[in-house]
Amino acid sequence: MRTQVSKDILDDFFKEFAKSFRTECNVYILGGASAIFYGWRASTHDIDLKIIPDSEAYKVISTTMQMIQIRLQ
């Protein structure tokens, strides 16, 4: 079973994510993650993002998720 993404986990994800990016980009938060930020729900199953430009996005997201998963164990 996947860990639910709460506001605390989402905040940690974005702090690590921001530290890892080397170029400027726009990040759009979609779906359940946006609902957490607006206070409409307490958790979600995933973090849906649109990143422009996305040249380093896959590497950074993968590294960030690994760091967050280690913290959750």
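This one's a predicted model, so the numbers in the text were calculated from it and none came from an experiment.

Sorry, what's going on with the packing of helix H1 (residues 7-20) against helix H2 (residues 31-38) here?
Angle between the axes and distance between the axes are the two parameters that describe a pair of packed helices. Two elements in contact, H1 and H2, have axes whose closest approach is 10 Å; the angle formed by their N-to-C orientations is 105 degrees. Taken together, the axis directions place H1 and H2 in an arrangement best described as roughly perpendicular. Counting all contacts with H1, which are made through Lys 7, Leu 10, Asp 11 and Phe 14, the residues of H2 involved are Ala 33, Ile 36 and Phe 37. Residues that form the contact of H1 with H2 fall into these classes: five nonpolar, no polar and two charged.

Explain the layout of surface pockets to me, please; I cannot follow it from the model alone.
A probe matching the size of a water molecule, rolled over the atoms, marks out where space remains unfilled. Roughly 180 Å³ of internal volume is contained in the second largest pocket. In this structure, the second largest pocket is lined by Phe 13, Ile 47, Leu 49, Lys 50, Ile 51, Asp 54, Ala 57, Tyr 58, Ile 61 and Met 65. Counting only elements with at least two residues in the lining of the second largest pocket, the list comes to strand E4 (48-52) and helix H3 (57-72). With four residues, the top contributor of residues to the lining of the second largest pocket is H3.

Just checking my understanding: could you explain the nonpolar core for this structure?
Counting 13 residues, the largest nonpolar core has Leu 10, Phe 14, Phe 17, Phe 21 and Ile 47 as the members making the most contacts within it. Taken together, the elements giving at least two residues each to this core come down to H1, H2 and H3. In terms of residue count, the dominant contributor to this core is H1 (five residues). Among all residues touching Ile 47, those that are not within four sequence positions of it are Val 5, Leu 10, Phe 13, Phe 14 and Ala 33.

Sorry if this is basic, but what is going on with H2 here?
Since the α-helix turns once every 3.6 residues, residues separated by three or four places project in the same direction. Within H2, burial applies to Gly 32, Ala 33, Ser 34, Ala 35 and Ile 36. Check the buried side of H2 and you find it contacts strand E1 (5-6), H1, strand E2 (26-30) and strand E3 (43-44). Within two residues after H2, Gly 39 carries a phi angle of roughly 80 degrees, on the positive side.

So what exactly am I meant to see when it comes to the side chain of Thr 44 here?
In this fold, Thr 44 is placed in strand E3. The exposure class of Thr 44 is buried, given its relative accessible area of 5%. With residues up to four places along the chain from it excluded, the contact list for Thr 44 reads Gln 4, Val 5, Gly 32, Ala 33 and Ile 36.

Calculation rules
- Residues numbered from 1 in each chain as written.
- Predicted model: local features only at pLDDT ≥ 70, side-chain atom pairs only at ≥ 80, totals over all residues.
- Heavy atoms only, no water.
- Axes fitted to C-alpha atoms, helices over the stretch in contact; angles between N-to-C directions.
- Helix = DSSP H or I, 4+ residues; strand = E, 2+ residues; numbered from the N terminus.
- Parallel < 35°, antiparallel > 145°, perpendicular 65-115°, else oblique.
- Contact = heavy atoms within 4.5 Å.
- Nonpolar A, V, L, I, M, F, W, Y, C, P; charged D, E, K, R; others polar.
- 1 Å grid on protein atoms, 1.4 Å probe; cavity = no way out; pocket = protein on both sides within 12 Å on 5 of 7 lines; lining within 4 Å.
- Points joined across faces, edges and corners; volume = space filled by probe spheres on them.
- Core = buried A, V, L, I, M, F, W, Y, C linked by side-chain atoms within 4.5 Å.
- Buried < 20%, exposed > 50% of the residue type's maximum accessible area, 1.4 Å probe, protein only.

Remember, this is a structural readout, not a statement about activity or role.
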